[in-house]
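An overview of the molecular structure
The primary structure of each chain is shown beneath.
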Amino acid sequence: MAAQALSLLREVARLEAPLEELRALHSVLQAVPLNELREQAAELRLGPLFSLLNENHREKTTLCVSILERLLQAMEPVHMARNLRVDLQRGLIHPDDSVKILTLSQIGRIVENSDAVTEILNNAELLKQIVYCIGGENLSVAKALIVEISSVSPESLNYCTTSGLVTQLLRELTGEDVLVRATCIEMVTSLAYTHHGRQYLAQEGVIDQISNIIVGADSDPFSSFYLPGFVKFFGNLAVMDSPQQICERYPIFVEKVFEMTESQDPTMTGVAVDTVGILGSNVEGKQVLQKTGTRFERLLMRIGHQSKNAPVELKIRCLDAISSLLYLPPEQQTDDLLRMTESWFSALSQDPLELFRGISSQPFPELHCAALKVFTAIANQPWAQKLMFNSPGFVEYVVDRSVEHDKASKDAKYELVKALANSKTIAEIFGNPNYLRLRTYLSEGPYYVKPVSTTAVEGAE
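Residues numbered from 1 in each chain as written. Predicted model: local features only at pLDDT ≥ 70, side-chain atom pairs only at ≥ 80, totals over all residues. Heavy atoms only, no water.

**Quick notes on the overall build of the chain**
Within the chain, the regular secondary structure consists of 32 helices and zero strands. Looking at the chain as a whole, 51% of its 461 residues are labelled buried. The contacts of the chain with a sequence gap of at least 6 include a subset with a gap of at least 24, amounting to 68%. Surface exposure of the chain reaches about 22,100 Å², of which carbon and sulfur atoms provide 52%. (Helix = DSSP H or I, 4+ residues; strand = E, 2+ residues; numbered from the N terminus. Buried < 20%, exposed > 50% of the residue type's maximum accessible area, 1.4 Å probe, protein only. Contact = heavy atoms within 4.5 Å. Areas by Shrake-Rupley, 256 points an atom, 1.4 Å probe, with all protein chains shown as cover.)

**With respect to helix α22 (residues 294–309)**
Under the 1.5 Å per step criterion, the end-to-end length of α22 is 22 Å for 16 residues, consistent within 8% with the ideal 22 Å. Those residues of α22 not exposed but buried are F296, L299, L300, I303, G304, Q306 and S307. Along the axis of α22, the buried positions cluster into a sector of 165°, meaning they face one direction only. In α22, the exposed positions that point more than 90 degrees away from the buried face belong to T294, M301 and K308. (Expected span 1.5 Å × (residues − 1). Arc of directions from axis to C-beta.)

**Some remarks on unusual backbone geometry**
Although it is not a glycine, N56 adopts a positive phi angle of roughly 55°. Examined against the element boundaries, N56 turns out to sit in the loop between α4 (47–52) and α5 (58–73).

**Some points on the side chain of S323**
Structurally, S323 is set in helix α23 (residues 312–326). Excluding residues within four positions of it along the chain, S323 makes contact with A370, K373, V374 and A377.

**Points about a nonpolar patch on the surface**
Taken together, L179, F222 and F225 make up a surface patch of nonpolar side chains, about 320 Å² in accessible area. Among the secondary structure elements, F225 is positioned in helix α17 (residues 223–240). (Patch = residues over 30% accessible without salt bridge, like charges linked within 9 Å, V, L, I, M, F, W, Y side chains within 5 Å. Salt bridge = Lys/Arg side-chain N within 4 Å of Asp/Glu carboxyl O.)

**Some points on the packing of aromatic side chains**
Counted under the stated rule, the structure contains twelve aromatic pairs. Members of the aromatic cluster, joined through ring pairs, are F345, F356, F375, W383, F394 and Y397. The ring centre of Y441 lies 3.7 Å from the NZ or CZ of R401, which sits over that ring. Over the ring of Y397 we find K413, and its NZ or CZ is 5.0 Å from the ring centre. (Phe/Tyr/Trp six-rings, centres within 6.5 Å; stacked < 30°, edge-to-face > 60°. Lys NZ or Arg CZ within 6 Å of the ring centre and 35° of its normal.)

**What to know about the environment of R85**
When you line up the elements, R85 lands in helix α7 (residues 85–92). Sequence-wise, R85 and T261 are 176 residues apart; in three dimensions their C-alpha atoms are separated by 49 Å. Here the side chain of R85 touches A81 through a polar contact of 2.8 Å, landing on its backbone oxygen. (Polar contact = N/O pair within 3.5 Å; in protein donor to acceptor, adjacent residues only side chain to side chain.)

**Comments concerning the pattern of salt bridges**
A complete count under the given rule lists 21 salt bridges for this structure. R339 is paired through a salt bridge with D336; the nearest N and O atoms lie 2.5 Å apart. Within this pair, R339 and its partner D336 are both found in helix α24 (residues 335–348), separated by three residues, close to a single helical turn. Members of the salt-bridge network, linked through shared partners, are E20, R23 and E59.

**Looking at the packing of helix α1 (residues 2–14) against helix α2 (residues 19–31)**
For the pair α1 and α2, the least separation of the axes is 9 Å and the interaxial angle reads 160°. Here α1 is positioned roughly antiparallel relative to α2, judged by the angle of their axes. The handedness of the crossing between α1 and α2 is left-handed. Across from Q4, A5, L8, L9, E11 and V12 in α1, the residues of α2 making contact are E21, L22, A24, L25, V28 and L29. Along the lines of polarity and charge, the residues of the contact of α1 with α2 split into nine nonpolar, one polar and two charged. (Axes fitted to C-alpha atoms, helices over the stretch in contact; angles between N-to-C directions. Parallel < 35°, antiparallel > 145°, perpendicular 65-115°, else oblique. Left-handed = near helix turned anticlockwise from the far one by under 90°. Nonpolar A, V, L, I, M, F, W, Y, C, P; charged D, E, K, R; others polar.)

**Here we look at helix α15 (residues 195–203)**
What α15 keeps buried is the set H196, G197, R198, Y200 and L201. At the exit of α15 stands G205, carrying a positive phi of roughly 75°.

**Observations concerning the state of the cysteines**
This model, assessed by the stated rule, comprises zero disulfides. We note that C247 lacks a disulfide partner, and the nearest cysteine sulfur, in C318, lies 20 Å from it. (Disulfide = S-S within 2.5 Å.)

**Topic: the packing of helix α14 (residues 178–191) against α17**
Remark: α14 packs on α17, axes separated minimally by 8 Å, with the N-to-C direction vectors making an angle of 15°. Accordingly, the angle class assigned to the pair α14 and α17 is roughly parallel. Crossing handedness for the pair α14 and α17: left-handed. Contact residues: V178, L179, R181, A182, I185, V188 and T189 in α14; F225, Y226, G229, F230, F233 and N236 in α17. Across the contact of α14 with α17, the residue classes break down as nine nonpolar, three polar and one charged.

**Overview of the confidence of the model for the chain**
Taken residue by residue, the chain gives an average pLDDT of 89. The fraction at 70 or more is 95%. With pLDDT under 50 throughout, residues 456–461 is counted as low confidence; its partners more than four residues away or in other chains account for one contact. (pLDDT = per-residue confidence, 0-100.)

**Notes on the side chain of H368**
In this structure, H368 sits in helix α26 (residues 365–378). Of the residues examined, H368 reaches a relative accessible area of 5% and is grouped as buried. When neighbours within four sequence positions are excluded, H368 is seen to be in contact with S360, Y397, V403, E404 and S409.

**Some words on the environment of L338**
Tracing the chain through its elements places L338 in helix α24. Note: C-alpha distance between L338 and A5 (333 residues apart in sequence) is 65 Å. For L338, the residues in contact, after removing those within four places along its chain, are L328, Q333, Q381, P382 and W383.

Put into structure tokens, the structure is as follows:
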């Protein structure tokens, strides 16, 4: 099949007006598996296809774009960066949007590949040209690509800012169009994942502007379009920089998160819950939340309630946030922090251990795994081990392999057993016999099946 495609590709290169051959090549390629094409990648001569894009013939252009899309997927990004630069540069200034989008998506593959992107970054002229070519486009693909290029290094960010592209993106972020604002904040959040990106956003006053928009959101009837993205931005920023500094400097962020957890809109609640989980994923963030006192206790009660009563997707997000909030690495388990996580656990419901056991017995593997993750998060904390040990049937539940039926659930149970078995305090709290049962489970691995003994079979008859 791949040989037939190569033969047709050669025909296309040889002929003056190869419309029939293009149609045939297009249909043959749909049936050739990508791995077969990858094996032939060195033989693919794509120059003639790129040339045909310039003929201003609607059907030929459509066919060539579709064929190139398939063949370029078979090529390594490094190969494209080295051998197809000129063709890609021409594609960026092609009058047809479909050609531009094809080109931009391939440059996106190059930018995402650490080996290939250096081919562009080491060629200042090429990078500049890509940036300026993209600059003329208002396609969201182009904007996303600008952010990807800006994120690679301070130099690449510099090219993008000099060209005015990043400035344009930031203008739209604070502009009047709420839908554009919602897509822009996602891209700005990607830029904030890098240190040089955060520095730039702070210098340009963007973080202050985002905070001011959140302040004004109450009086904006369309704020639900962009508010979730803005709050997510601050959640990520806090974890990457300093939760305490961000929350002290932008109190509206924490205020809005608490407010959103009370929302009747599940989108708002979901984002607020995710953000609390992100914020509380490190000790500094946990302490920031603890300082809010009874407000945070009420929030925990609400998350506990939602983890039992919300729709499945929100339940899972609540359980993930609870795991993140309660986890403490062994080296950070001071008496104060252990008291704090214990009080948080108690605030979730009247009997949190039973709550999560109940959730874990529901017939949804994702829910089952999310509930096991909560147990795993607290499994190395002595107060939680005592609770587990004193809860009737809990130790049996942990070592019972018949509860889990799918791979993800078996893996999640194994992580719980591992967290318990590797804890320094477990033998003392659970007692040696139970400790040995955990070690046995651990050494047998997650998918062990107990051999059925003949006596058991006879007895069953």
